[in-house]
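Reading the structure
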Amino acid sequence: MAAPHVLLVEDSDFMATRVAETLEEIHGFYVTTVNTADEVDSALTEYDDIECIVTNYELPETNGVKLAASINGRTEEPAIPVIILTGKELEPIASDAIRAGVTEFVYKGDHATGEMDVLANRISLVLKAYSDR
């Protein structure tokens with residue numbers, strides 16, 4: 001069975017490399033990385049097997065919530081799960097994010113270090129939930 005394909009949207013080259021390598025080498029995901037929200041549409045067109053998007057909250061020219069809204073709109077069931085990876089407090093962005101089609105949140109401060117078990121677990125959980133639909 002093929003590794004689940006994750007699209008990572010991260011403008012920091014250091015973080016993009018760190019997250020992608022960890023998700024691939026330790027957790028067995030296949031990761032494609034883009035730096036901006038503008039590149040997401042191209043990646044979704046180029047790869048028809050992307051199963052989940054992990055995006056930084058703060059992106060050049062936009063943020064992860066607006067990106068999720070542009071991908072999933074305000075549909076009841078988002079077409080593709082979006083996980084926001086953020087260093088910001090979650091409370092102020094949570095309600096807008098959920099309305100925009102964000103599926104999960106992972107706080108960078110505690111969970112985007114080491115082997116990134118929490119991020120990998122959240123990806124696995126949303127992939128399972130979406131495959132059960």
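Structure first, text after, so check above.
Described in the following lines is the structure provided in the data block. (Residues numbered from 1 in each chain as written. Predicted model: local features only at pLDDT ≥ 70, side-chain atom pairs only at ≥ 80, totals over all residues. Heavy atoms only, no water.)

Turning our attention to a negative patch on the surface. Taken together, the side chains of Asp-38, Glu-39, Asp-41 and Glu-61 present a region of like negative charge at the surface. Within the element layout of this structure, Asp-41 appears in helix 2 (residues 38–46). (Patch = residues over 30% accessible without salt bridge, like charges linked within 9 Å, V, L, I, M, F, W, Y side chains within 5 Å. Areas by Shrake-Rupley, 256 points an atom, 1.4 Å probe, with all protein chains shown as cover. Salt bridge = Lys/Arg side-chain N within 4 Å of Asp/Glu carboxyl O. Lys, Arg positive; Asp, Glu negative; His and termini not counted. Charge placed at Lys NZ, Arg CZ, Asp CG, Glu CD. Helix = DSSP H or I, 4+ residues; strand = E, 2+ residues; numbered from the N terminus.)

With 22 residues, the main nonpolar core has Leu-7, Val-9, Val-40, Ile-53 and Leu-67 as its most contacted residues. Among the secondary structure elements, those contributing two or more residues to this core are strand 1 (5–9), helix 2, strand 3 (50–56), helix 3 (64–72), strand 6 (82–86) and helix 4 (91–99). Examining the composition of this core, we find that four residues originate from one element, helix 3, more than from any other. Discounting chain neighbours no more than four positions away, the residues touching Val-9 are Val-34, Thr-36, Ala-37, Val-40, Ile-53, Val-54, Thr-55, Asn-56, Leu-59 and Leu-67. If you look at the next biggest cluster of nonpolar residues, it comprises 20 residues, including Cys-52, Ile-83, Ala-120 and Leu-127. (Core = buried A, V, L, I, M, F, W, Y, C linked by side-chain atoms within 4.5 Å. Buried < 20%, exposed > 50% of the residue type's maximum accessible area, 1.4 Å probe, protein only. Contact = heavy atoms within 4.5 Å.)

As a further point, take the pattern of salt bridges. Evaluated as defined, the whole model comprises two salt bridges. One salt bridge connects Asp-96 with Arg-99, and the closest N-O pair in it is separated by 2.4 Å. With Asp-96 and Arg-99 both in helix 4 and three residues apart, this pair spans about one turn of that helix. Take Asp-96: its relative accessible area is 42%, and that puts it in the partly exposed class. Given a relative accessible area of 45%, Arg-99 falls into the partly exposed group.

A separate point is unusual backbone geometry. You will see that Glu-61, though not glycine, has its phi angle at about 75°, which is positive. The topology assignment puts Glu-61 in the loop between strand 4 (58–59) and strand 5 (62–63). Of note in the backbone geometry, Met-116 takes a positive phi value of approximately 55° without being a glycine. If you trace the backbone, Met-116 turns up in the loop between helix 5 (108–111) and helix 6 (117–131).

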